[in-house]
Amino acid sequence: MTVGILVVSQSVSRGLSADKVVDALKQRLDGLELKAHKVVPDKKEDIQAAVLDWVRQDIKLILTAGGTGFSKTDITPEAIEPLLDRKAPGLVHAMLSYSLQITPFAMLARPVAGVCGETLIVTLPGSPKGATENFQAIKEIIGHALAQLGTESSRSLHKEARSGHHHHHHHGNLAKHELVDSVVARHRVSPYPAISVDEAYSKISENTPGPEVIEVSILEPRIVGSVVAENVTAQMDVPNFRASIVDGYAVISSDGPGVYPVVSVSHASKNDQKQLVAGQIARITTGAPLPEGADAVVMVEETRLVETTEGGSEEKLVEILAKNVRAGENIRAVGSDTRKESLVLAKGSRISPGGGEIGALASVGVNKIKVYRKPVIGLLSTGNELQDVLAENALHYGEIYDSNRPTLVSMVQNCGYEVVDLGIAPDNKGSLVKIIRDAVDVKKIDCLITTGGVSMGELDLLKPTIENELHGTIHFGRVRMKPGKPTTFATIGRSTVIFALPGNPASSSVCYHLFVLPCLLKWQGIEPALGQKLPTEPIVKVKLAEDLKLDPQRPEYQRVSIRQRDMALVATSTGFQRSSNIASFKKANGLVCLPAASDFGKTVLATGTVVDAILIDQIYM
Ligand SMILES: Nc1nc2c(c(=O)[nH]1)N[C@H]1C(S)=C(S)[C@@H](COP(=O)(O)OP(=O)(O)OC[C@H]3O[C@@H](n4cnc5c(N)ncnc54)[C@H](O)[C@@H]3O)O[C@H]1N2
Ligand code: MOO
Ligand SMILES: [Mg+2]
């Protein structure tokens, strides 16, 4: 059993005094293993952050020392209490009565104790003596408490109490989403109907929050991919002066070929308006404003220098060789690129990554516009078996690396959304609730994507946690598709969306493309294609390069590589398609949509058959 000791002290945290509590307690831990210790000041947030961190790491017992007295700065009980799923007043009572036998000042202690997830938390006084005495009072019993916490049911230690519950075997006796406290009472058939992908689209469409208008600078990266929320019209002409298209000489076209004096120079810069009369020319550069009176520009290549000024540094006389120069030649007229009052960007259009929209805005002097806000996405992996691949820890038997979070972070970011990485949650209700509440209330995410814990196992806790603890609504909890059967879509309140995706890596990635991204696209103001319920990635017709076996019951989304061959798009399977195999996404730029054999009437789709494919990446050469 692992222990964390959290010293709560302003002076120790500032280095003004030395900590002695950790050592004192350490000597009395006996069989318990001190896994972590830390010093924090008397600040609620610091205390809670440290405790939650340890709960997530699945430390079994957290002892805090200090901050339990009557002075104004003593706030440890206030910090701990809101974290407790269940209180343990018996432990508090034991500590108080024990220390009251030693000193009446124990009356002024305000300890709390209780359970957060599967972690027991006890607040001790700050002095080494007080802390060890209090710990002494509960030490013998704590082993039992921790043993009970580790089991599915506290009743397992009291076997006689369990015998009366056998009638729970039949799932019909359970309320639909009850969090069962014993594995023997779990559902044996999923209470969630397996709806079609199409019905799932309806539910997502109905429950996606409406877009919200914000103003962004044209240089903010998040503007790319955003949908414009209002018509933007040009408040000026581009160009807003007559500009030369070439380097040469501004002329009066009716003057014709001949030798003319160069009376002025016009560069592309801030300029005074120049004047030209018949029989004169002016030197001009590309983009420079035309002198008044000039009506054409002749390229320097079609002229000849006749005479220089004294000293030879300037042109004095130049011969225009060009014949038949027309009025307007080599001139950009005022407003000929963009006319004042014309539409620069229409409401509903999208800022493409190509930069064209940004350039068009900048050219008319617009540096910020109203767009629909993109939702902020929180990403959480769930599962006791998961190790953070970045932590570089060795795997214990039964553990695996968390591959879902890195995969999803990459996908979501590359779709242009801001990601909040929420890490890994252990399979317990308390931790899930804490992490999700914190993500929504403090980290201000709009949409939560979790993976794992949505199927039929006794540690699949997402569905009951969302309904019973977070008071959310589950709009669907199963979809007739492969992979991704237990995909769950829920909302909390009006504005928080949860996609609880299956833990299998290929399943969660398929479901991201199929369900999550369409929801996010709608949320940020993108309209679905005609006749569709949600906007999606492009859907194209592809020819199968090989025979594909159909699932007997479920429509299937297989990973393929799509290439153009002889005027057709051809799809080749990326290989082994089992849900656990994330490597089936390597080189995949499409998901082919295959019917279930039971719907299609055949068990195989033959080579050359044309099917729909969702394009999840570009088509490469
Ligand atoms: N009795 C039944 N069992 C299962 C059913 C069913 O209908 N009845 N459905 C199966 C299907 S289909 C799927 S899909 C999975 C979904 O499982 P969960 O969403 O509950 O996910 P977990 O049980 O937590 O994990 C499943 C699998 O994925 C691995 N995993 C989880 N998280 C990650 C991660 N972040 N990175 C890499 N791998 C991860 C996990 O270790 C498991 O192997 O349920 C079937 N069972
Ligand atoms: O539907 Mo599950 O995603 O087959 O593995
Ligand atoms: Mg499971």
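Residues numbered from 1 in each chain as written. Chains lettered and ligands numbered in written order. Predicted model: local features only at pLDDT ≥ 70, side-chain atom pairs only at ≥ 80, totals over all residues. Heavy atoms only, no water.

**Some thoughts on the overall build of the protein**
What counts here: Put simply, DSSP H or I for four residues or longer makes a helix, DSSP E for two residues or longer makes a strand, and each gets a number counted from the N terminus. Atoms counted for the radius of gyration: C-alpha only. Globule rule: 2.2 Å times residue count to the power 0.38. The cut-offs for exposure are 20% and 50% of the maximum accessible area for each residue type, with area from a 1.4 Å probe on protein chains only; residues under the lower value are buried, those over the upper are exposed, and the others partly exposed. Residue contacts are counted whenever heavy atoms from the two residues lie within 4.5 Å of one another. For every accessible area listed, the method is Shrake-Rupley and the probe measures 1.4 Å; residues are considered covered only by the protein chains on display. Only four residue types enter the charge count, namely Lys and Arg as positive and Asp and Glu as negative; His and the chain termini do not. Charge placement uses NZ in Lys and CZ in Arg. For Asp and Glu, CG and CD serve respectively.
The secondary structure content of the protein amounts to 13 helices and 33 strands. For 621 residues, the compact-globule estimate of 2.2 N^0.38 gives 25 Å, and the C-alpha radius of gyration of the protein, at 36 Å, exceeds that figure by more than 25%. Principal-axis analysis of the C-alpha atoms places the extent of the protein at approximately 115 × 75 × 40 Å. Relative to its full complement of 621 residues, the protein shows a buried share of 47%. Put simply, 72% of the contacts in the protein that link residues at least 6 apart link residues at least 24 apart. Entry remark: accessible area of the protein is about 30,400 Å², with carbon and sulfur atoms responsible for 53%. Looking at charge distribution, the protein has the averaged site of its 66 positive side-chain charges lying 5 Å from that of its 69 negative ones.

**A closer look at the pairing of strand β27 (residues 539–544)**
The test is simple: Pairing between strands is defined by DSSP: at least two bridges between them are needed.
Along β27, the buried face is formed by V540, V542 and L544; none of I539, K541 and K543, which line the opposite face, is buried. Bridge analysis of β27 against strand β33 (residues 610–615) gives 5 bridges, and the strand direction is antiparallel. Bridge pairing links V542 to V611 in β33. Inspection of the sheet shows β27 paired to strand β30 (residues 568–573) by 2 bridges, in the parallel sense. Looking at the pairing, K543 lines up with V570 of β30.

**Re the site of ligand 1**
The test is simple: Any residue with a non-hydrogen atom lying within 4 Å of a molecule or strand is treated as near it. Think of a polar contact as two N or O atoms within 3.5 Å of one another; within protein, one of them needs to be a possible hydrogen donor and the other a possible acceptor, and neighboring residues in sequence only count if both atoms come from side chains. Ten residue types, Ala, Val, Leu, Ile, Met, Phe, Trp, Tyr, Cys and Pro, are classed as nonpolar, four, Asp, Glu, Lys and Arg, as charged, and the remainder, Gly among them, as polar.
The full set close to ligand 1 counts 22 residues, and E385, D402, S403, S455 and G503 are the nearest of them. Separating a nitrogen atom of ligand 1 from a backbone N or O atom of S403 is a distance of 3.0 Å. Between D460 and ligand 1, the recorded distance is 3.0 Å, taken from a side-chain N or O atom to an oxygen atom. Protein chains shield 69% of the accessible area of ligand 1, which is 880 Å² for the free molecule. Taken together, the elements giving at least two residues each to the shell around ligand 1 come down to β21 (400–401) and α12 (505–523). Taken together, the residues of the shell around ligand 1 break down into 8 nonpolar, 10 polar and 4 charged.

**Overview of the nonpolar core**
Spelled out, the test is: As used here, the term nonpolar core means buried Ala, Val, Leu, Ile, Met, Phe, Trp, Tyr and Cys residues forming a set that is joined through side-chain atoms within 4.5 Å.
I449, M481, F499, Y512 and F515 are the most contacted members of the largest nonpolar core, which has 45 residues in total. Elements with a contribution of two residues or more to this core: α7 (197–207), β19 (377–382), α9 (404–414), β23 (447–451), β26 (496–501) and α12. With residues near it in sequence (within four places) discarded, Y512 still touches L408, M411, V412, C415, I449, L501, L517, P518 and L520. By size, the runner-up hydrophobic cluster in this structure holds 26 residues, among which are V3, V21, L61 and A131.

**A closer look at the domain arrangement of the protein**
Cut-off, in case you're wondering: Each domain's limits were defined by an automated method or a database of domain assignments. Buried area: the accessible surface (1.4 Å probe) lost by two parts on joining, summed over both. The term salt bridge refers to a pairing of a side-chain nitrogen on Lys or Arg with a carboxyl oxygen on Asp or Glu at a separation within 4 Å.
Domains assigned within the protein are domain 1 (2–156), domain 2 (197–209 + 374–523), domain 3 (218–235 + 339–372), domain 4 (243–332) and domain 5 (539–615). Counting from both sides, the interface comprises 15 residues of domain 2 and, opposite them, 19 residues of domain 5. Carbon and sulfur atoms supply 63% of the area buried between domain 2 and domain 5, which totals about 1,400 Å² over both sides. When residues of domain 2 are sorted by the area they lose upon contact with domain 5, R480, K482 and A506 head the list and together hold 43% of the total. The tally of links between domain 2 and domain 5 comes to 2 salt bridges. Between K482 and D551 there is a salt bridge whose closest N-O contact spans 3.2 Å. Element by element, the count of residues in the side of domain 2 that touches domain 5 is highest for α12, at 7 residues. Residue composition of the side of domain 2 that touches domain 5, by class: 7 nonpolar, 5 polar and 3 charged.

**Concerning the pattern of salt bridges**
Taken as a whole and judged by the stated rule, the model has 26 salt bridges. Here D23 ties to K26 by a salt bridge, and the two come within 3.9 Å at their closest N and O atoms. One end of the pair, D23, and the other, K26, are both in helix α2 (residues 21–26), 3 residues apart, so they sit about a helical turn from each other. For K26, a relative accessible area of 45% puts it in the partly exposed group.

**Some details on the coordination of the magnesium ion (ligand 3)**
Heads up, the condition is: The rule for donors is simple: an N, O or S atom within 2.8 Å of the metal counts, and for Na, K and Ca the reach is 3.2 Å. Water is not among the atoms, so a site may look short of donors.
Binding of the magnesium ion (ligand 3) to the protein goes through D460 (OD) and D460 (OD), at separations of 2.4 Å. Along the polypeptide, D460 turns up in the loop between β23 and α11 (462–469).

**Here's the deal with the site of ligand 2**
The full set of residues close to ligand 2 is P483, G484, K485, N504, S507, R554 and S579. In the environment of ligand 2, an oxygen atom lies 2.5 Å from a nitrogen or oxygen atom belonging to the side chain of S507. The residue inventory of the shell around ligand 2, partitioned by class, reads 1 nonpolar, 4 polar and 2 charged.

**Some thoughts on the sheet that holds β19**
Here is the rule we go by: Here an angle of 0 to 180 degrees is reported between the N-to-C directions of two axes, which are lines fitted to C-alpha atoms, with helices fitted over the stretch in contact.
A sheet is described by the order of its strands in space; here 6 strands give the open sequence β22-β19-β23-β26-β25-β24, paired in mixed fashion. Because the sheet does not close on itself, it has two edges, and the strands there are β22 (419–425) and β24 (473–476). Strand after strand, the sheet turns through a mean of 20° between neighbouring axes, direction not considered. Strand direction decides the pairing type here: β19 and β22, joined by 5 bridges, are parallel. Across the sheet, the residue bridging to L379 is D421, located in β22. Docked against the sheet, α12 engages β19, β23 and β26, running at close to 170° with respect to β26.

**What about the packing of helix α10 (residues 429–441) against α11?**
Operational definition: Left-handed describes a crossing in which the near helix is turned anticlockwise from the far one by less than a right angle; the clockwise case is right-handed.
One way to put it is that α10 packs onto α11 with a least axis distance of 10 Å and a crossing angle of 65°. Of the two elements, α10 crosses α11, and the hand of that crossing is right-handed. Here α10 contributes K429, L432, V433 and R437 to the contact with α11, which in turn contributes L462, T465 and E469. Partitioned by chemical class, the residues of the contact of α10 with α11 number 3 nonpolar, 1 polar and 3 charged.

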